[in-house]
Amino acid sequence: MTNLNWLIGGPAGAGIKVTGLILSKTFSRLGLNVFGYTEYPSLARGGHNNFNVHVSKNKKSIAKKLDVLIALDKNTIELHKDKMSSSGIIIYDPAKIENIEFPNIQTLPLPLKEVATECGSALAQNTVALGATMALIGIELDTLNSVIENVFSKKAKIVDVNISAAKKGYELVKEKNISLNCLTDELKEKIEPKLLISGNEAISLGAIQAGCKFYAAYPMTPASSILHFMAGKAREFDFIVKQTEDEIAAINATIGASYAGVRAMTATSGGGFCLMTEGLGLAAESETPIVIVNAMRPGPSTGMPTWTDQSDLRFVSHASQGEFLSVVIAPCDMKDCFYETMNAFNIAENYQIPVIVLTDKLLSESYGTVDELDVNRIGIDRGVIESTTSSYGGKRYLFTDTGVSPRIIPGAVDGIHVATGNEHDEYGEIDASSENRVKMQDKRYRKLESLQKIIPLPKVYGSESGEVGIICWGSTKLSALDAQEKLEKLGYNVGVVCFKYILPFPDSEDVRKILKRFNKLIMVEANYTGQFLGMFRENLLIDVDDKLLKYDGRPIYPEEIVEKVKSVLSGGENNG
Amino acid sequence: MVDASEYNKKCDCDWCPGCGNFSVMVALKNSLARLGIKPHESVLVSGIGCSSKTPHWMNMYGFHGIHGRALPIATGVKLANSELTVVAAGGDGDGYGIGLNHFMQSCKRNINLTYIVHNNRIYGLTTGQASPTTNKGTITRSTPFGNPEEPINPLLIAISSGATFVARGFSGNLAQLQELVKEAIAHKGFAFIDVLMPCVTFNRMNSIEWYRERVSPINSDHDFSDKEKALSLALKWNGEDGEIPTGIFYKIDNPTYSDGLPQLSSGALVKKKLDADVSDVLKEFM
Ligand SMILES: Cc1ncc(C[n+]2csc(CCOP(=O)(O)OP(=O)(O)O)c2C)c(N)n1
Ligand code: SF4
Ligand SMILES: [Mg+2]
């Protein structure tokens with residue numbers, strides 16, 4: 001087998017995430033691709049939690065069939081046993097779960113708790129399972145041990161307990177002479193270690209690298225970990241993080257900070273974005289650059305707080321009253337989360353508009369590997385900020401050919417003006433005259449001309465032309481790429497056309513040229529109504545041949561895309 | 001020396017003649033000038049309402065925001081550039097209705113801002129509906145059979161929420177109002193002034209004369225560091241008939257929000273170089 005698909009499941013509070021992360025990091029240090037995906041209900045204790053680690057040489061995403069299942073309770077077995085691959089193994093503790101046997105699944109009862117207790121703490125039982133996993137694949141323990149040392153670095157005793165727990169787990173499996181034939185060739189090569197990072201961590205680091213000096217937010221899953229990460233780094237990097245009383249305050253404080261001259265950002269999920277919509281319009285009308293991250297989860301209302309989908313696209317694209325320019329960027333992987341957040345600040349300041357970074361639970365809270373993140377790739381470009389207005393007499397909203405007026409920051413001696421959400425003249429004074437309104441709205445929309453030019457076209461992966469073009473946007477790219485690879489191996493000629501910049505829509509003529517190279521087009525996105533498909537039709541005046549829409553809160557699996565493509569090519573049922 | 005006239009702007013102010021907002025604007029101009037603050041070093045942030053138009057009639061940096069959100073915007077401005085003098089202003093609907101939570105949170109945060117509420121006890125700009133400080137029984141356009149609700153007591157809210165400077169002014173006593181605004185701006189921490197004023201067009205009940213008969217400056221021996229005394233003074237007037245104490249109710253020195261931020265010890269955020277390099281942090285992800 002060229003990949004390992006491993007899952008640990010159990011009740012909340014059982015250390016599932018940290019165990020999954022340790023395994024993920026072990027493999028990323030070994031230079032392999034890892035995708036760590038976590039599922040948990042919206043509660044602090046109990047329920048079913050799991051962490052899925054997919055390891056391979058070059059896969060990007062999750063996979064359905066499980067090779068190893070670490071079941072910390074019976075529920076986990078019930079929920080996941082149907083996903084076991086033919087050679088898959090379920091590891092469980094017979095002290096906790098009565099002996100189980102299935103006709104087609106290999107089970108491996110191990111006294112996890114007992115062994116961990118012998119090593120010094122019952123809490124290390126998950127680590128016993130990690131040691132066992134290493135033995136199954138035939139990997140020496142040193143990399144795992146080094147990760148354990150880093151993770152528990154603050155407490156030497158805990159490190160010792162876990163290292164001996166891993167060793168015991170390893171030995172238990174070796175004694176039984178069981179092994180899983182996977183990743184053998186992949187692990188033979190010496191490959192450079194990779195970075196393992198979550199989407200939200202990459203967004204946060206991108207913001208810090210971009211010189212974000214003010215971050216205001218109200219906690220909301222799956223955006224909260226940006227708040228946590230930023231708060232932890234605020235002193236080291238000299239910026240301010242403010243947890244506000246609500247999302248209304250968060251966006252308005254962000255606008256205030258940006259008006260006062262610093263790069264400012266806020267992040268939330270759909271419900272919080274609802275509260276931010278009036279502020280979004282204020283940023284647009286007052287031409288105050290801000291970056292807003294919206295991490296999607298299924299709605300409406302509270303919906304499914306800890307699950308994923310892509311159903312806020314229309315909402316964030318059209319939110320707030322009136323008409324104004326904004327940019328929606330949907331990062332497609334962890335790298336994008338880093339670089340596109342940096343780009344978002346540059347675009348916001350150059351065009352003095354709100355820029356929305358649209359991610360989702362899948363991307364924000366999953367962990368993925370990247371070879372490197374280049375801190376120098378995207379420089380800081382703040383656009384026109386002037387320290388004196390002498391040549392144009394304090395006109396903050398000066399009519400210009402580009403539509404972009406020079407920005408002036410409070411404190412400048414001759415820059416006094418009013419920034420406002422009311423329609424205003426060049427000085428910022430309220431002006432509702434017909435003549436001024438038309439001139440101002442035209443001025444703001446004039447920015448579109450040059451903005452459109454920097455909106456990148458969708459990228460094509462796999463075949464540049466062929467039988468099928470799989471169209472996707474944002475995080476769905478990950479599964480689409482894995483699906484493409486599988487289909488190619490099966491002899492199909494398919495490409496993936498992935499949209500990252502969605503608003504303004506990339507140049508339609510150029511996009512149509514790309515799409516024409518495929519005989520059939522299939523739209524894949526995670527929502528009920530086909531939100532991007534609607535925007536696609538509206539902008540391109542063409543349609544797709546079929547679509548795969550998923551809205552159960554679970555990520556789209558590569559296997560599902562593969563099936564769809566196969567059925568379309570075999571002339572199967574068209575539910576488009 | 002700064003002359004108050006530096007804060008004048010050539011403009012066509014659209015307030016009704018006799019509106020209480022004029023006095024607050026004059027008090028603000030005079031206070032800023034007397035404190036030696038230059039127009040370009042100060043920012044006036046407002047919400048939406050007649051009173052919230054003040055930034056358009058004054059020569060200083062202004063942010064005329066959205067209804068109820070003056071304080072969060074002002075908070076962002078102040079944290080981004082702690083060297084600016086930041087004043088937030090707006091109406092009673094703006095601050096005590098739609099924006100009440102921001103008001104309480106700003107009090108508790110003790111952020112170094114001045115917040116002036118132009119309390120005409122009516123929604124002026126939207127032509128005369130009941131506000132959170134409108135008396136019970138008052139007939140307004142939205143309460144044709146009399147307002148069914150009791151008014152709130154903003155001073156009580158401010159003191160109990162942790163504001164470190166709490167005062168009540170009256171637009172008909174400019175000398176006192178100026179003094180209060182000056183003290184408020186000079187105060188280190190969240191300074192709040194509720195300014196009683198007439199809306200000559202939509203609040204016929206609480207006219208300037210009505211207030212004049214009832215206002216009474218707080219005794220000079222009032223110990224404004226005493227929270228209990230401040231609270232009982234605030235309880236003295238509930239919006240109805242009766243004596244209305246004016247002046248400083250409460251004032252103490254507490255550390256401000258920014259005092260707890262080592263990030264600001266080396267200067268305002270806006271002055272910092274954008275030279276962050278996360279390379280070392282990235283190593284933690286290996
Ligand atoms: C979100 C929102 N809701 C309602 C309005 C309409 N509105 C504008 S001003 C105002 C109330 C004004 O009253 P107040 O804040 O007391 O200010 P005043 O005009 O009396 O100075 C309202 C309801 C608005 N602008 N925004
Ligand atoms: S309506 Fe009332 S508050 Fe508004 S300007 Fe006229 S008097 Fe002043
Ligand atoms: Mg009012």
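Residues numbered from 1 in each chain as written. Chains lettered and ligands numbered in written order. Predicted model: local features only at pLDDT ≥ 70, side-chain atom pairs only at ≥ 80, totals over all residues. Heavy atoms only, no water.

## Overview of the site of ligand 1
Neighbouring residues of ligand 1: 17 residues in total, closest Cys-50, Ser-51, Asp-92, Gly-93 and Asp-94 of chain B. Residues within reach of ligand 1 are spread across chains A and B. Between an oxygen atom of ligand 1 and a main-chain N or O atom of Gly-93 of chain B, the distance comes to 2.9 Å. Between ligand 1 and Asp-94 of chain B there is a distance of 2.8 Å, counted from an oxygen atom to a backbone nitrogen or oxygen. Relative to its unbound accessible surface of 590 Å², ligand 1 loses 77% to contact with the protein. The dominant element in the shell around ligand 1, judged by the number of residues it contributes, is helix H3 (residues 92-98) of chain B, at four residues. (Near = heavy atom within 4 Å. Polar contact = N/O pair within 3.5 Å; in protein donor to acceptor, adjacent residues only side chain to side chain. Areas by Shrake-Rupley, 256 points an atom, 1.4 Å probe, with all protein chains shown as cover. Helix = DSSP H or I, 4+ residues; strand = E, 2+ residues; numbered from the N terminus.)

## Some details on the coordination of the magnesium ion (ligand 3)
Residues and elements named next belong to chain B. The coordination sphere of the magnesium ion (ligand 3) contains the protein donors Asp-92 (OD), Asn-120 (OD1) and Ile-122 (O), at a distance range of 2.1 to 2.2 Å. Sequence positions of the donors to the magnesium ion (ligand 3) reduce to the motif D-x27-N-x1-I. For the pair formed by Asn-120 and Ile-122, the shared burial category is buried. (Donors = N, O, S within 2.8 Å, 3.2 Å for Na, K, Ca; no water. Buried < 20%, exposed > 50% of the residue type's maximum accessible area, 1.4 Å probe, protein only.)

## Things to note about the environment of Glu-278 of chain A
Checked against the element boundaries, Glu-278 of chain A lands in helix H11 (residues 270-285). Separated by 42 residues in the primary sequence, Glu-278 of chain A and Ser-320 of chain A have C-alpha atoms spaced 5.8 Å apart. Look past the residues within four positions of Glu-278 of chain A in its chain and what remains in contact with it is Ser-320 of chain A together with Ile-66 and His-67 of chain B. (Contact = heavy atoms within 4.5 Å.)

## Digging into the interface of chain B and chain A
If you look at the interface, chain B gives 51 residues, while chain A gives 69 residues. Surface buried jointly by chain B and chain A totals about 4800 Å² across both partners, of which 67% is contributed by carbon and sulfur atoms. When the buried area of chain B at its contact with chain A is split by residue, Tyr-61, Phe-285 and Met-286 of chain B rank highest and sum to 16% of it. Counting across the chain B and chain A interface gives four salt bridges. Its salt-bridge partner being Asp-238 of chain A, residue Lys-272 of chain B comes within 3.0 Å of it at the nearest N-O pair. (Buried area = accessible area lost by both parts, 1.4 Å probe. Salt bridge = Lys/Arg side-chain N within 4 Å of Asp/Glu carboxyl O.)

## A word on the pairing of strand S5 (residues 165-170) of chain B
Residues and elements named next belong to chain B. The element S5 is largely enclosed, with a buried count of six among its six residues. Along S5, one buried face is formed by Phe-165, Ala-167 and Gly-169 and the opposite face, lined by Val-166, Arg-168 and Phe-170, is buried too. Pairing of S5 with strand S6 (residues 191-196) involves six bridges; the strand directions are parallel. Bridge pairing in S6 links Phe-165 to Ala-191. Regarding the hand of the β-α-β motif, the stretch spanning S5, helix H6 (residues 174-186) and S6 is right-handed. For S5 and strand S8 (residues 244-251), the ladder comprises four bridges, and the chain directions are antiparallel. Bridging from a neighbouring strand, Arg-168 pairs with Gly-247 of S8. (Pairing = 2+ DSSP bridges. Right-handed = clockwise from strand over helix to strand, strands pointing away.)

## Details of the site of ligand 2
Close to ligand 2 lie Trp-15, Cys-16, Cys-19, Asn-21, Cys-50, Asn-120, Cys-199, Val-200, Thr-201 and Phe-202 of chain B, which account for all nearby residues. Here the shell around ligand 2 is composed, by residue class, of seven nonpolar, three polar and no charged. (Nonpolar A, V, L, I, M, F, W, Y, C, P; charged D, E, K, R; others polar.)

## Topic: the nonpolar core
Core analysis: the largest hydrophobic core is formed by 94 residues, its most contacted members being Ile-471, Phe-532 and Phe-536 of chain A together with Phe-103 and Phe-190 of chain B. The contact partners of Phe-103 of chain B, leaving out residues within four places of it in the chain, are Leu-71, Gly-95, Tyr-96, Tyr-115, Pro-154, Ile-157, Ala-158, Phe-190 and Phe-192 of chain B. Leu-195, Val-291 and Val-404 of chain A together with Leu-282 of chain B belong to the second largest nonpolar core, which has 62 residues in total. (Core = buried A, V, L, I, M, F, W, Y, C linked by side-chain atoms within 4.5 Å.)

## Examining the packing of helix H1 (residues 16-29) of chain A against helix H4 (residues 125-137) of chain A
Residue and element names in this part refer to chain A. With their axes 10 Å apart at the nearest point, H1 and H4 run at an angle of 30 degrees to one another. When the interaxial angle is binned, H1 and H4 end up roughly parallel. For the element pair H1 and H4, the recorded crossing hand is right-handed. Contact residues: Ile-16, Thr-19, Ile-22, Leu-23, Thr-26 and Phe-27 in H1; Asn-126, Leu-130, Thr-133, Met-134 and Ile-137 in H4. Tallied by class, residues from the contact of H1 with H4 come to seven nonpolar, four polar and no charged. (Axes fitted to C-alpha atoms, helices over the stretch in contact; angles between N-to-C directions. Parallel < 35°, antiparallel > 145°, perpendicular 65-115°, else oblique. Left-handed = near helix turned anticlockwise from the far one by under 90°.)

## Structural notes on helix H17 (residues 508-516) of chain A
Residue and element names in this part refer to chain A. Where H17 is concerned, the buried positions are Val-511, Ile-514 and Leu-515. All buried residues of H17 project into a common sector of 95 degrees when viewed along the axis, lining one side. For H17, the exposed residues set more than 90 degrees away from the buried face come down to Glu-509, Lys-513 and Lys-516. Elements that come into contact with the buried residues of H17 comprise strand S18 (459-462), strand S19 (466-473), strand S20 (494-499), strand S22 (518-525) and helix H18 (531-540). (Arc of directions from axis to C-beta.)

## Quick look at the packing of aromatic side chains
All names here are of chain A. By the definition in use, this model includes 22 aromatic pairs over all chains. Positioned above the aromatic ring of Tyr-339, the side-chain terminus of Arg-377 is 3.9 Å from the ring centre. For the cation-ring pair, Arg-554 lies above Trp-307, with the distance from its terminal atom to the ring centre recorded as 3.6 Å. (Phe/Tyr/Trp six-rings, centres within 6.5 Å; stacked < 30°, edge-to-face > 60°. Lys NZ or Arg CZ within 6 Å of the ring centre and 35° of its normal.)

## Some thoughts on the side chain of Asp-309 of chain A
Residue and element names in this part refer to chain A. As for its position among the elements, Asp-309 is in the loop between strand S11 (290-296) and helix H12 (313-318). No salt bridge is formed by the buried Asp-309, whose closest oppositely charged neighbour, Arg-297, lies at an N-O distance of 8.6 Å. Here Ser-311 takes part through its side chain, which lies 2.8 Å from a polar atom of the side chain of Asp-309. Here Asp-309 is in contact with Met-296, Arg-297, Pro-298, Asp-360 and Ala-526, once residues within four sequence places are set aside. (Lys, Arg positive; Asp, Glu negative; His and termini not counted.)

## Section: the pattern of salt bridges
Between side chains of opposite charge, a pair can form when the charged atoms approach closely. Summed over all chains, the structure comprises 42 salt bridges over all chains. When salt bridges that share partners are traced, they join Arg-263, Glu-349, Arg-382 and Arg-407 of chain A into one network.

## Concerning the sheet that holds strand S21 (residues 501-503) of chain A
All names here are of chain A. Strands sit in the order S9-S8-S10-S11-S13-S12-S21 across an open sheet of seven strands; the sheet is mixed. Each end of this open sheet is capped by a strand with a single partner; those strands are strand S9 (240-243) and S21. Direction aside, the axes of adjacent strands within the sheet are offset by 20 degrees on average. Two strands pair when backbone bridges link them, and strand S8 (residues 212-217) and strand S10 (residues 263-268) are joined in this way by three bridges, in the parallel orientation. Within the sheet, the bridge partner assigned to Cys-212 lies in S10 and is Arg-263. Contacts between helix H10 (residues 247-259) and the sheet are confined to S8, S10 and S11, with S10 contributing the most and set at about 165 degrees to the helix.

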